[in-house]
Amino acid sequence: MSIPFFRYPHLFAQQREEILSAMTAVMDRGAFILQSDLVEFETTIATFTGARYALGVANGTDALIIALRAAGIGQGDEVIVPSHTYVASAASIHFAGATPVLVECGPDHMIDPEAASAAVTSRTKAIMPVQLNGRTCDMDALQAIADRHDLLIIEDAAQAIGSKFKGRNAGTFGIAAEISLYPAKILGCFGDGGVLLTNDSEMSRKMALLRDHGRDETGLVVTWGLNSRLDNLQAAILNVKLQQLDAEIERRRQIARLYRDGLGGIDGFVLPPGPDDDPDHFDVYQNYEVESDRRDDLRTQLEKDGIRTIIQWAGRPVHQFEGLGFSSVRLPYTDRLFTRCFLLPMNTSLTDDEIAYICERIRKFHAG
Ligand SMILES: Cc1ncc(COP(=O)(O)O)c(C=O)c1O
């Protein structure tokens, strides 16, 4: 068997005719920027997540920068963020003019609330929980820290559309949140894209200005802004893809169950929480991140078996990238995790037979 980590053509093949006709309709209408398909997309996302406001922007990273700036975070401020995240989370804080303070994750690979609490200083303005791999953090613990120190929460929910904690959707806990629409995401467009969510009308107004040159509805410039709008063509594609979002999430949860059945109880091999393990969490499995005592040898063997795996972020948490100025940051838990963790294939192109094959190969390796 040959199982790639991801099958990009699959994203188009599933809904080929509907997507083509949606794209043709947009181009026939000449409706490219800030048009009705975008408004429809934003309305649907707001309903799906339960957020009061949703705004389509050019990508998830811009969304985070816009959220931070709209929240008034900038020079002299610190924002607490886990090091086990895409560099974009920390980069957004940097480009908002503030300082990212990197902290440890815990055994579930999510930001460790105790580490976040210990990192609070008089300059801390916000916590940026990362809803990693399609799981939502323990938001009660993080909210308690935020309340204690009067901090904002700005959620990086890039990987977590549809994920919930205690019945509430990722992206609806803080003052604002971001979801990425990068092609490989659970809801992916055919290029870059992102969404901002907020329940706060003033944040929504400010973020709408920031994504469109600082212009109000009449076109007058009322503040400095960016050009960071989600293309109407992408929104039209996303409107088609949204029809399958629930099914996409359900299949990912099903695959997680199959992995759990096939890989449970192997010594030295750690699985992420299962979809039915904890009623407080509804995980959507953007990624399936496992740990192995013999990770590098296992990955080499899987490669020989035709199974492609990856380690997130090119194998390094943010503090390990030498050019970013974190050489004095010590995060031993995260360092150790990055000698052990990697991602198994997780996407809806996978067949049950392929998953059974992946499980069988991993079992065989660990038995040897
Ligand atoms: C955790 C996390 N944060 C932020 C981003 C940035 O999103 P985008 O690539 O849409 O800018 C990503 C995208 O991969 C991500 O995984």
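Bear in mind the structure is a predicted one, so any value in this text is a computation, not a measurement. (Residues numbered from 1 in each chain as written. Predicted model: local features only at pLDDT ≥ 70, side-chain atom pairs only at ≥ 80, totals over all residues. Heavy atoms only, no water.)

Draft legend 1. Spotlight on the packing of aromatic side chains. Under the counting rule described, the total for this entry stands at 6 aromatic pairs. For the ring pair Tyr285 and Tyr288, a centre distance of 6.0 Å and an interplane angle of 35° mean the geometry is tilted. Given the relative accessible area of 1%, Tyr288 is considered buried. An aromatic cluster is defined as three or more aromatic residues linked by ring pairs; in this entry it consists of Tyr259, Tyr285 and Tyr288. (Phe/Tyr/Trp six-rings, centres within 6.5 Å; stacked < 30°, edge-to-face > 60°. Buried < 20%, exposed > 50% of the residue type's maximum accessible area, 1.4 Å probe, protein only.)

Draft legend 2. Local environment of the pattern of salt bridges. All chains considered together, the criterion is met by 24 salt bridges. Ionic pairing is found between Glu42 and Arg211, a salt bridge with its closest N-O pair at 2.9 Å. Placement of the pair is Glu42 in helix H3 (residues 36-49) and Arg211 in helix H8 (residues 201-211), with a sequence separation of 169 residues. Neither residue differs from the other here; Glu42 and Arg211 are each classed as buried. Between Asp276 and Arg257 there is a salt bridge; the shortest N-O distance is 2.8 Å. Highlighted residues: Asp276 in the loop between strand S10 (269-270) and strand S11 (281-282) and Arg257 in helix H10 (residues 245-263), separated in sequence by 19 residues. With relative accessibility at 54%, the residue Asp276 sits in the exposed group. Linked by salt bridges that have partners in common, Glu250, Arg253, Arg257 and Asp276 make up one network. (Salt bridge = Lys/Arg side-chain N within 4 Å of Asp/Glu carboxyl O. Helix = DSSP H or I, 4+ residues; strand = E, 2+ residues; numbered from the N terminus.)

Draft legend 3. Highlighting the sheet that holds strand S13 (residues 341-344). Here we have 3 strands laid out as an open sheet, ordered S10-S12-S13, and antiparallel in their pairing. In this open sheet, the two strands that pair with only one neighbour each are S10 and S13. With 2 bridges connecting them, S10 and strand S12 (residues 288-292) associate as antiparallel partners. Residue pairing in the sheet places Phe269 in a bridge with Ser292 of S12. (Pairing = 2+ DSSP bridges.)

Draft legend 4. Looking closely at unusual backbone geometry. The backbone of Tyr285 shows a phi angle near 55°, a positive value even though the residue is not glycine. Structurally, the position occupied by Tyr285 is in the loop between S11 and S12. What makes Tyr285 buried here is its relative accessible area of 3%. The phi dihedral of Ala314 falls on the positive side, at around 60°, and the residue is not glycine. In this structure Ala314 comes out as exposed when scored by relative accessible area, which is 74%.

Draft legend 5. Focus on the environment of Glu303. Relative to the assigned elements, Glu303 resides in helix H11 (residues 295-304). For the pair formed by Glu303 and Pro4, sequence separation is 299 residues and the distance between their alpha carbons is 9.8 Å.

Draft legend 6. Representation of the nonpolar core in the model. Counting 79 residues, the largest nonpolar core has Met207, Tyr259, Leu263, Phe269, Tyr288, Leu344 and Ile362 as its most contacted members. Ignoring anything within four residues of it in the chain, the contact list for Ile362 reads Leu263, Ile266, Phe269, Leu298, Leu302 and Leu344. Ranked by size, the runner-up nonpolar core spans 25 residues in total, among them Ile45, Ala51, Leu230 and Val284. (Core = buried A, V, L, I, M, F, W, Y, C linked by side-chain atoms within 4.5 Å. Contact = heavy atoms within 4.5 Å.)

Draft legend 7. A look at the packing of H3 against helix H9 (residues 232-242). Between H3 and H9, whose axes approach to 8 Å, the crossing angle comes to 40°. One way to sum up the angle between H3 and H9 is to call them oblique. Remark: the crossing between H3 and H9 carries left-handed chirality. On the side of H3, the interface is formed by Ser36, Asp37, Leu38, Glu40, Phe41, Thr44 and Ile45, while H9 contributes Asn232, Ala235, Ala236, Leu238, Asn239 and Leu242. Here the residues of the contact of H3 with H9 sort into 7 nonpolar, 4 polar and 2 charged. (Axes fitted to C-alpha atoms, helices over the stretch in contact; angles between N-to-C directions. Parallel < 35°, antiparallel > 145°, perpendicular 65-115°, else oblique. Left-handed = near helix turned anticlockwise from the far one by under 90°. Nonpolar A, V, L, I, M, F, W, Y, C, P; charged D, E, K, R; others polar.)

Draft legend 8. Summary view of the state of the cysteines. This structure, assessed with the given rule, holds 0 disulfides. Here Cys105 is not disulfide-linked; the sulfur of Cys341 is the nearest cysteine sulfur, at 8.1 Å. (Disulfide = S-S within 2.5 Å.)

Draft legend 9. Broad picture of the site of the ligand. Around the ligand, the surrounding shell holds 15 residues, and the nearest of these are Gly60, Thr61, Asp156, Ser180 and Lys185. At a separation of 2.5 Å, an oxygen atom of the ligand approaches a polar side-chain atom of Thr61. Gln159 is positioned with one of its side-chain polar atoms (N or O) 3.1 Å from an oxygen atom of the ligand. Secondary-structure elements contributing two or more residues to the shell around the ligand are helix H4 (60-70), helix H5 (87-95) and strand S8 (176-180). The class makeup of the residues in the shell around the ligand is 4 nonpolar, 8 polar and 3 charged. (Near = heavy atom within 4 Å. Polar contact = N/O pair within 3.5 Å; in protein donor to acceptor, adjacent residues only side chain to side chain.)

All we've got here are geometric facts, nothing functional implied.
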